[in-house]
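# Residue-level structure breakdown
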Amino acid sequence: VTAGADDARRRGSISRTGLGLRLAWRNLWRNPRRTVLTVAAVAFATMILVFMVALQRGGYAAMIESAVGVFTGHIQLQAEGYHDEPRLEKTLADAGALAERVAAVPGVEAVTSRAESYALVSSPSRTYGAAIVGIEPESEPALSTIPRSVREGRFLASPTATEAVVGRTLARNLSLSLGEELTLLGQGRDGTLAVATLEVVGIFESGSPDLDRSMVEIPLRTFQDTFAMGDRAHSIVVRTTDLSRVDDVARAVAASVAGSDGVAVLTWDQLLEGLKQGITLDATVGWFLYTVLVFVVTFSILNTFLMAVLERTREFGVLLALGTRAGFLGSVVMAESLLLLLLGLAVGLGLGIGVSGLAGHYGIAFASSEELLAQWNLPARIYPRLDLFSLTVGPLAVLAVTTLAALFPLVRVRRLRPVDAMKAA
Amino acid sequence: MATWALISRLAWRNVLRNRRRSAIILVAIAAGLWSMLFFAAFTRGWSEDVSRHAVATLTGHVQVHAPDYLRDPSVDHAMPAPEGALRGVLDGEAVAAWASRVRVPAVVMSERETAGVTLVGIDPKREQGLSFVADAVREGRNLEGAADPGILIGRKLAERLETGLGKRVVVMSQAADHSVVDRGYPVVGIYAADRSSTEMAFVFVGRDAAQGSLGLGDRVSEVAVALRDPSGLDAFVERARTAAAGLDVQPWTALEPMAEAMVALGQAWIWMFYFVMYIAMAFGLVNTLLMAVLERTRELGLLQALGMRPRLIVRQVLVESSVLLSAGVLAGALLAGATLALLRDGIDLSALAEGAEMWGMSKVIYPTLGAGDVVAAIAFIVVLGALASLYPALRAARKVPVEAITRG
């Protein structure tokens, strides 16, 4: 056999592929109505998946960002066991030095120290229980949105002043207004009575109903003096430059404080376990719905694949009788199905990007109750987030499942016998 | 009538003509309906749980307060125990149970820890059929009467306070004369609730004990009412408002706006999912019917040439579509029924309990299928499905007989 024959065979195979594709494309438009309906079904499923996944990711990001941003921060250093059982005596010794070390870790954007206790707070006419939080007025604004959400008066300014900012609901419950005095009564670290009289300089509205109802912020120094804490703190709060890199930064932070005993490094998902679990739960329900949607759409279009083979039994019989190989016929049918699917995916992806883009521009208001949204840490509008994940995961799932469905009629082509097939109706 | 019989027979035969094709679209419809019903049951189970929880925790169906209590829930805004006309309404036919309570913010202290809570003074007998506390005690005993000197605390709070049965806790609160009073109570019982936030929020003492220590005399903070028939809510609120002149009467829907909002949100989700599923199915249905019609072009032309009116052809295709739809709906409904029967012990979410709590769910969700949701889902599929089939049906009837027959 000569090189020329090889060459001819290669050319033959190339043109066969071309022929197959051309045949497949023409077959598609033999029945344009069916093709359009099938493409539309695939496009619809793809669009819904792209949009919904983008919406979920946008929603989750907003939830995490706002929950973490209000107060919690990306990473916290605490005394071992403080997170499970927050007690006044579980402190970080020499918090200032510890914070300095943490601030030097690459990827750390801002650091602040806090102390926290529960105490009785009294206005001239009312008494309530509240969480008293000692914060550092200079560094706190980089870690929490509360300093920016002071609606009346101002945030704490001096590190040693005997002043306080109070949550809106708590202030209302205490019938407390700006400039009035607040008395704090609690228990110090050494078991003695902790008493302080503070001037209310600001009233904040954080957007978190819990914090607005129960929190008083005072300067950390004042807290340490009142509760006999020395230079101890309960948590060192860290903001990283990028939320997605939190785990790496947390490891580096842990390494930087490895010398200190009894220090636990916790990331936001450990600190806000409810939020993490809530997202997991919502995502699970979402995956269930998407699976069903893909399943139903697949069965919706399965008939197209099936009919494309059934209605051409005779034609295939003739082709087989003329010497066309069953494998080639199978490839043509498969190419037909894949073209159909890819067309649907492309249209669906385009629509999904369009809809998500539009919604991403205007935002989606999906519940009328702002209180409800606040409880879920959701802003009034949710912006779908188109990223590599939301753009690929839905279309790939649709492609994988529907391709499996397209294989099903192929079995029939392989089994065709020319004579019987030609006799078919 | 005879035409209907004929048409139905023709339609039925056409469905059976290509069994595989019919079976495939049937699976799509059945799976679609199954998922619609399952999702509706899950969402309904969630939103009913939210409202049941809102009502049964302490709110009841209706509450009566002094005018400013809801804005400022302090000891200052107490009211006399119900009497006269209001008492008459409360003791009337419509009410299943009612109770008056003292309810004020307080601080509870054990030897080791301090926590902010709501102190609720109750008459335990009257809470039966009204609030969860009537049978929530897991350790120790319930309060024995309005004068019981003990305190009931939540399981989670007991852990936080490191206290337990038989130990004493001190409750500090503001008294009617604005002084801060503290009083020690022995822990006689520890209760459990669906949600840990409830266990942290409320401590219960005898109403008389609370009134005594707070200097309230026999004044109370609130009256909570459970109705025999919750659908008579609005009418009852009207009557109570007339009877309780000068007091603030509110239905639970106003007291728990979040629950109301969650129920509305759940309903919206159900509709959205119905719609998406319907579209996914409709494409397949139209496509399948269209194939069935187009491959019969000749036959349909012949029927027309023989004198069958186009209207009957349309009807025949619609019946064909209804047969497919009904079979799919039946299969889907049976499947959904079986699934829900399997899940009648509830879907256990305790692995994600804190997350469930964030969405207002309990640890176990009981899927609940409302008759309305079933009817809506089926009507949605059948009516809109028939509507979608109009296109293939009209196409089938459009062909001019001669052209249809002569065409290959």
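Residues numbered from 1 in each chain as written. Chains lettered and ligands numbered in written order. Predicted model: local features only at pLDDT ≥ 70, side-chain atom pairs only at ≥ 80, totals over all residues. Heavy atoms only, no water.

### So, the overall build of chain A
Heads up, the condition is: Numbered from the N terminus, helices here are DSSP runs of H or I no shorter than four residues, and strands are runs of E no shorter than two. C-alpha atoms define the radius of gyration, and 2.2 Å times the number of residues to the power 0.38 defines the globule rule. Residues are treated as being in contact if the distance between any of their heavy atoms lies within 4.5 Å. Here, Shrake-Rupley sampling with a 1.4 Å probe gives the accessible areas, and only protein chains in the shown set may cover a residue.
Helix and strand content of chain A: 14 helices and ten strands. Since a compact globule built from 425 residues should have a radius of gyration of about 22 Å, the 33 Å found for chain A marks it as more spread out than a globular shape. Considering only residue pairs separated by 6 or more positions, chain A has 78% of its internal contacts joining residues 24 or more positions apart. Carbon and sulfur atoms form 58% of the exposed surface of chain A, whose accessible area is close to 18600 Å².

### Looking at the overall build of chain B
The following threshold applies: Per-residue accessibility, obtained with a 1.4 Å probe over protein chains only, is compared with the maximum for each type, and a residue is labelled buried under 20%, exposed over 50%, and partly exposed between these values. Asp and Glu are treated as the negative residues and Lys and Arg as the positive ones, with His and the ends of the chain left uncounted. In plain terms, the charge of a residue is placed at NZ if it is Lys, CZ if Arg, CG if Asp and CD if Glu.
The helix and strand inventory of chain B stands at 14 helices and 14 strands. In terms of C-alpha radius of gyration, chain B reaches 31 Å, well past the compact-globule figure of 22 Å for 408 residues. Across its three principal directions, the C-alpha atoms of chain B cover 100 × 45 × 30 Å. Counting over 408 residues, chain B shows a buried share of 55%. Long-range pairs, those at least 24 residues apart, make up 78% of the contacts in chain B between residues at least 6 apart in sequence. A total of about 17000 Å² of accessible surface is found on chain B, and carbon and sulfur atoms cover 59% of it. If you average the places of the 40 positive and of the 40 negative side-chain charges in chain B, the two averages end up 17 Å apart.

### Quick word on the packing of helix α2 (residues 19–59) of chain B against helix α13 (residues 371–398) of chain B
A pair of packed helices is characterised by two quantities: the angle between their axes and the separation of those axes. All names here are of chain B. Note the threshold: Here, axes are lines fitted to C-alpha atoms. For helices the fit covers the stretch in contact, and angles between N-to-C directions go from 0 to 180 degrees. Roughly parallel covers angles under 35 degrees, roughly antiparallel covers those over 145, roughly perpendicular covers 65 to 115, and oblique covers all other angles. Crossing handedness follows the turn of the near helix against the far one: under a right angle anticlockwise gives a left-handed crossing, and clockwise gives a right-handed one.
The geometry of α2 relative to α13 is characterised by a closest axis approach of 10 Å and an angle of 150 degrees between their N-to-C directions. As summarised for this structure, α2 and α13 are arranged roughly antiparallel, according to the angle between their axes. At the point where α2 passes α13, the crossing takes the right-handed sense. Where α2 abuts α13, its residues Ile29, Leu33, Met36, Leu37, Ala40 and Arg44 lie against Asp373, Val374, Ala377, Ile378, Phe380 and Ile381.

### Points about a nonpolar patch on the surface
Residues and elements named next belong to chain B. Stated precisely, the cut-off is as follows: Excluding any residue in a salt bridge, patches collect residues exceeding 30% relative accessible area, merging like charges within 9 Å and nonpolar Val, Leu, Ile, Met, Phe, Trp and Tyr side chains within 5 Å. A pair is scored as a salt bridge if a Lys or Arg side-chain nitrogen falls within 4 Å of a carboxyl oxygen belonging to Asp or Glu.
Residues Val382, Val383, Leu387, Leu390 and Leu394 make up a contiguous nonpolar surface patch of about 410 Å² in total accessible area. Looking at the secondary structure, you find valine 383 in helix α13. For valine 383, a relative accessible area of 48% puts it in the partly exposed group.

### Regarding the packing of aromatic side chains
We apply this condition: Here a pair means two rings of Phe, Tyr or Trp (six-membered ring of Trp) with centres within 6.5 Å. Their orientation is stacked below 30 degrees between planes, edge-to-face above 60, and tilted elsewhere.
Enumeration according to the criterion identifies 18 aromatic pairs over all chains in this entry. Taking 4.9 Å as the distance between ring centres and 45 degrees as the angle between the ring planes, the aromatic pair formed by phenylalanine 295 of chain A and phenylalanine 299 of chain A counts as tilted. Of this pair, phenylalanine 295 of chain A and phenylalanine 299 of chain A are both found in helix α9 (residues 273–310), four residues apart, which corresponds to roughly one turn of the helix. Classification of phenylalanine 295 of chain A as partly exposed rests on a relative accessible area of 39%. Their ring planes at 65 degrees and their centres at 5.6 Å tell us that phenylalanine 132 of chain B and tyrosine 191 of chain B sit as a pair that is edge-to-face.

### As for the interface of chain A and chain B
Note the following rule: The quantity reported as buried area is the accessible area (1.4 Å probe) lost by two parts once they are put together, taken as the sum for both.
Between chain A and chain B, the contact holds 57 residues from the first and 67 residues from the second. Both faces considered, chain A and chain B share a buried interface measuring about 5400 Å² in area, 68% of it formed by carbon and sulfur atoms. For the chain A face of the interface with chain B, the top three residues by lost area are Arg33, Leu281 and Trp376 of chain A, together amounting to 12%. Linking chain A with chain B are four salt bridges. Between glutamate 162 of chain B and arginine 87 of chain A there is a salt bridge, with its nearest N and O atoms 2.0 Å apart. At the level of elements, α2 (32–72), β2 (108–122), β3 (127–135), α4 (168–173), α9, α12 (370–375) and α13 (388–415) of chain A are the ones that each hand at least two residues to the side of chain A that touches chain B.

### Description of unusual backbone geometry
Phi at serine 175 of chain A is positive, roughly 50 degrees, even though this residue is not glycine. For serine 175 of chain A, the position within the fold is in the loop between α4 and β6 (181–187). Residue classification places serine 175 of chain A among the partly exposed residues on the basis of a relative accessible area of 36%. Located in the positive-phi region is glutamate 162 of chain B, a residue other than glycine, with phi close to 50 degrees. Glutamate 162 of chain B gets classed as partly exposed once you look at its relative accessible area, which sits at 30%.

### Examining the confidence of the model for chain B
The following threshold applies: Across the chain, each position has a pLDDT score giving the predictor's confidence in that residue, from 0 to 100.
The pLDDT averaged across chain B works out to 88; a share of 97% of its residues lies at or above 70. Among the prediction metrics, the complex's ipTM stands at 0.81, with pTM recorded as 0.82.

### Notes on the pairing of strand β9 (residues 235–240) of chain A
Residues and elements named next belong to chain A. Definition in use: Only strands joined by at least two bridges in the DSSP assignment are considered to pair.
Most of β9 sits inside the fold, with five of its six residues counted as buried. Where strand β1 (residues 75–79) meets β9, four bridges bridge the pair, whose relative direction is antiparallel. Its bridge partner being in β9, isoleucine 75 is matched across the sheet by valine 238. Here six bridges tie β2 to β9, and the two strands are oriented antiparallel to one another. Across the sheet, serine 113 pairs through a bridge with isoleucine 236, a residue of β9.

### Some thoughts on the packing of helix α9 (residues 257–294) of chain B against helix α11 (residues 310–342) of chain B
Residues and elements named next belong to chain B. Put simply, the test is: Residue polarity is assigned by list, with Asp, Glu, Lys and Arg as charged and Ala, Val, Leu, Ile, Met, Phe, Trp, Tyr, Cys and Pro as nonpolar; anything else, Gly included, falls into the polar class.
Packing of α9 against α11 brings their axes to within 11 Å, and their N-to-C directions diverge by 135 degrees. Our classification of the angle between α9 and α11 gives oblique. Relative to α11, α9 is oriented so that their crossing is right-handed. Of the residues in α11, those touching α9 at Leu285, Leu289, Ala292 and Val293 are Val317, Glu320, Ser321, Leu324 and Leu325. Considering only residue class, the contact of α9 with α11 consists of seven nonpolar, one polar and one charged.

### As for the pattern of salt bridges
Under the defined criterion, the tally for this structure stands at 31 salt bridges over all chains. The shortest N-O distance in the salt bridge between glutamate 163 of chain A and arginine 154 of chain A comes to 3.0 Å. With relative accessibility at 8%, the residue glutamate 163 of chain A sits in the buried group. Residue arginine 17 of chain B is joined to glutamate 299 of chain B by a salt bridge in which the shortest nitrogen-to-oxygen separation is 2.9 Å. In this pair, arginine 17 of chain B sits in helix α1 (residues 2–17) while glutamate 299 of chain B sits in helix α10 (residues 297–305), placing the two residues 282 residues apart along the sequence. Under the relative-accessibility criterion, glutamate 299 of chain B is labelled partly exposed at 30%.

### Describing the nonpolar core
Applied cut-off: By nonpolar core is meant a set of buried Ala, Val, Leu, Ile, Met, Phe, Trp, Tyr and Cys residues that side-chain atoms within 4.5 Å join together.
Formed by 91 residues in total, the largest nonpolar core has its most connected members in Phe305 of chain A together with Met36, Tyr274, Met277 and Ile381 of chain B. If you tally residues by element for this core, the top one is α9 of chain B, at 16 residues. The next biggest cluster of nonpolar side chains, apart from the first, holds 77 residues, and it includes Val257 and Leu275 of chain A together with Val249 and Trp252 of chain B.

### Thoughts on the environment of glycine 58 of chain A
Tracing the backbone through its elements, the reader meets glycine 58 of chain A in helix α2. If near-sequence neighbours (up to four positions away) are discounted, glycine 58 of chain A is found in contact with Ile382, Tyr383, Pro384 and Arg385 of chain A.

### Topic: the pairing of β1 of chain A
All names here are of chain A. Burial analysis of β1 places five of its five residues in the buried class, which makes it a mostly covered element. For β1 and strand β10 (residues 263–267), the ladder comprises five bridges, and the chain directions are antiparallel. Among the inter-strand pairings, glutamine 76 is bridged to a residue of β10, identified as leucine 266.

### A closer look at the environment of glycine 179 of chain A
Residue and element names in this part refer to chain A. Note on placement: glycine 179 falls in the loop between α4 and β6. For the pair glycine 179 and valine 201, spaced 22 residues apart in sequence, the C-alpha to C-alpha distance is 5.9 Å. In contact with glycine 179, not counting residues within four places along its chain, are Glu199 and Val200.

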